[in-house]
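Here is what each chain is made of, one letter per residue.
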Amino acid sequence: MSKFRKKSGKGLQKINTSSLPDIVFMLLFFFMVATTMRETEVQVRVKVPEATEVKKLEKKSLVTYIYIGRPVAHVAKMYGTEPLIQLNDKLVSEEGIPYEAIQDFVLFEREKLPESDKNRMVISLRVDQDISMGKVDDVKQSLRRARALIINYSAKKEYRDQGRQR
Amino acid sequence: MASRETPEVNGGSLADIAFLLLIFFLVTTTMDTDTGITRLLPPEPDPEQEDVEVKVNKRNVLVVLLNRSDLLMVGGEVMDRLALKDKTIEFFTNPQNDQNLPEMEEKEVQFPPGSSSLLSSEGVWTGRISRGVISLQNDRSTTYGRYLQVQNELVAAVNLLRNDFCNLYFDKDYDDLNTNNPIEEEIQLGIRKIYKMNISESDPKSIGGRN
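Positions within a chain are numbered from 1, following the residues in the order the chain's sequence is written. Just so you know, chain letters begin at A and ligand numbers begin at 1, following the order they were written in. Per-residue local features are limited, in this predicted model, to residues with pLDDT of at least 70; the limit for side-chain atom pairs, both in listing and counting, is 80 or more; totals at the level of whole chains, interfaces and linings are taken over all residues. The side-chain values count all of the structure's non-hydrogen atoms but skip hydrogen atoms and water molecules.

## A short note on the pattern of salt bridges
All names here are of chain B. What makes a salt bridge here is a side-chain nitrogen of Lys or Arg within 4 Å of a carboxyl oxygen of Asp or Glu, nothing more. Per the counting criterion, the structure on display carries 13 salt bridges over all chains. Glu 105 is the partner of Lys 107 in a salt bridge, and the nearest nitrogen-oxygen pair spans 3.8 Å. The cut-offs for exposure are 20% and 50% of the maximum accessible area for each residue type, with area from a 1.4 Å probe on protein chains only; residues under the lower value are buried, those over the upper are exposed, and the others partly exposed. On the basis of relative accessible area, Lys 107 is assigned to the partly exposed category, the value being 35%. Glu 105 gets classed as partly exposed once you look at its relative accessible area, which sits at 23%. Here the salt bridges share partners, and the residues they tie into one network are Glu 103, Glu 105, Lys 107 and Arg 131.

Here it is, written out as structure tokens:
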């Protein structure tokens, strides 16, 4: 303690912290840019299944999302509790197989892509694990009609501890 | 030079404010990397095109059925999900040349010359390639989670075969092949020719009523 006092008594220069705000601002801007606030509010409950063979989706701009799940509480008041399909931010409420709605949606989204990427469009299916396949099959058939053939079954990475075995 | 009477604006709190904002964004940022299993759907058949019964040898098809109670049947027997991977690997490799497992064709696959010490200097691989196809069928009432688990096992089997091959010949994990590198991309394409992702999904049918 006494040593410290002696030194400070001699008028040691303070560390210059004037560049600290700059550094922090730089970090701040990085995070502000990197943050993607979700522009679509997901109105259906989706708990994606787990799988071991998942890969990361590269090139976010190519990805279009289709959600399938049971509606969340406040939406359920209007639409009931049956599973619904959500295309970006609108829910498909029509009865039967929504071929038309999905085709229009895919065409609309495809138009947004640059010419070179039009046939590399990826549809990410974010489907709740308890939904029956009937709904998913309908969507898949609609996607085939709309010629959106690259699909991605969204899933979380599952780690199995048993390791590799044959 | 500022005179002694006009003190500088105190910038010390600027850092605090910036820190506060920084921490806010740090907490709210979700670098959500989307993950999933990518598959290719078959194109819509031409309406004018007539249905042609494609004759496929029975031994070349492994039928994977998922019924509405999420039970799995593989090649005529009820099976646990975790056994499916081994079954698939056996189906695609046919190690004993079993008459009931798929035919194997003797084929050549071109790899980049000199890429592996186990290949000839021209990089030609000769070996058996399976003709097997997996036919995955599900009911409308199968749950999606179950379906994806089965898909996952099938994909896992093929990935394991590819990875083993890649390790053996190129001393590298299949996933670590860099597709931006032309040589490694050629390796990847070659391996894909040897172990194809032959999973066919038949058109959905309703066995147990709608939903």
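## Quick look at the packing of aromatic side chains
Ring pairs shown here join Phe, Tyr and Trp side chains whose ring centres sit within 6.5 Å, with only the six-membered ring taken for Trp; geometry is labelled stacked below 30 degrees between planes, edge-to-face above 60, and tilted in between. Inspection of the entire model under this criterion finds 12 aromatic pairs over all chains. A centroid spacing of 6.2 Å and a plane angle of 50° characterise the contact between Tyr153(A) and Tyr144(B), whose relative ring orientation is tilted. Taken as a pair, Tyr153(A) in strand S8 (residues 150–154) and Tyr144(B) in helix H3 (residues 144–170) lie in two separate chains rather than in one. Grouping residues by exposure puts Tyr153(A) and Tyr144(B) together as buried. In this structure an aromatic cluster arises from ring pairing among Phe111(B), Trp125(B), Phe165(B), Tyr169(B), Phe170(B) and Tyr195(B). Working definition: helices are DSSP H or I runs of at least four residues, strands are E runs of at least two. Numbering for both runs from the N terminus.

## Quick look at the environment of Leu62(A)
Residues and elements named next belong to chain A. Within the secondary structure, Leu 62 is located in the loop between strand S3 (55–56) and strand S4 (63–71). Sequence separation between Leu 62 and Lys 112 is 50 residues, and the spatial gap between their C-alpha atoms is 9.7 Å. Here Leu 62 is in contact with Leu 113, Asp 117, Arg 120, Met 121 and Val 122, once residues within four sequence places are set aside. Contact criterion: two residues are considered in contact whenever any of their non-hydrogen atoms come within 4.5 Å of each other.

## Examining the confidence of the model for chain B
Residues and elements named next belong to chain B. Scored from 0 to 100, pLDDT records how confident the predictor is in each individual residue. With 90% of its residues at a pLDDT of at least 70, chain B reaches an overall mean of 80. For chain B, per-element mean pLDDT is lowest for helix H1 (residues 12–28), which scores 80, and highest for H3, which scores 88. For this predicted complex, the interface confidence comes out at an ipTM of 0.73, alongside a pTM of 0.76.

## What about the sheet that holds strand S4 (residues 77–78) of chain B?
By definition, the strands of a sheet pair up through backbone hydrogen bonds, in either a parallel or an antiparallel sense. Residue and element names in this part refer to chain B. The 5 strands lie next to each other as S4-S3-S2-S7-S8, forming an open sheet whose pairing is mixed. Edge positions in the sheet fall to S4 and strand S8 (199–201), since each has one partner strand and no second. Of the pairings in the sheet, the one linking strand S7 (residues 133–138) to S8 comprises 3 bridges and is parallel in character. By the bridge assignment for S8, Ile 134 is matched with Ile 199. At least two DSSP bridges between two strands are required for those strands to pair.

## Comments concerning H3(B)
The end-to-end C-alpha distance of H3(B) is 37 Å, a good match for the 39 Å that 27 residues give at a rise of 1.5 Å each. Buried residues dominate H3(B), accounting for 22 of its 27 residues. Given a helix with a known number of residues, its expected span is that number minus one, times 1.5 Å.

## Side note on the interface of chain A and chain B
Chain A puts 55 residues into the contact, and the matching count from chain B is 56 residues. Defined in terms of a 1.4 Å probe, buried area is the accessible area two parts forfeit on being brought together, summed over both. Interface of chain A and chain B: buried area, both sides summed, is about 5,100 Å²; carbon and sulfur atoms make up 57% of it. Summed over the shared surface of chain A and chain B, the result is 3 salt bridges. Measuring nitrogen to oxygen at the nearest pair gives 3.8 Å for the salt bridge that ties Asp175(B) to Lys55(A).

## With respect to the nonpolar core
A general feature of soluble globular proteins is that nonpolar side chains tend to end up buried together. Put simply, buried Ala, Val, Leu, Ile, Met, Phe, Trp, Tyr and Cys residues joined by side-chain atoms within 4.5 Å make one nonpolar core. Residues Ile66(A), Leu143(A) and Phe111(B) are the most contacted members of the largest nonpolar core, which totals 68 residues. Ranked by the residues each element gives to this core, the list is headed by H3(B), at 14 residues. Discounting chain neighbours no more than four positions away, the residues touching Leu143(A) are Ile66(A), Ile102(A), Val106(A), Ile123(A), Leu125(A), Ala148(A), Ile151(A) and Leu41(B). If you look at the next biggest cluster of nonpolar residues, it comprises 9 residues, including Val63(A), Tyr65(A), Leu84(A) and Val122(A).

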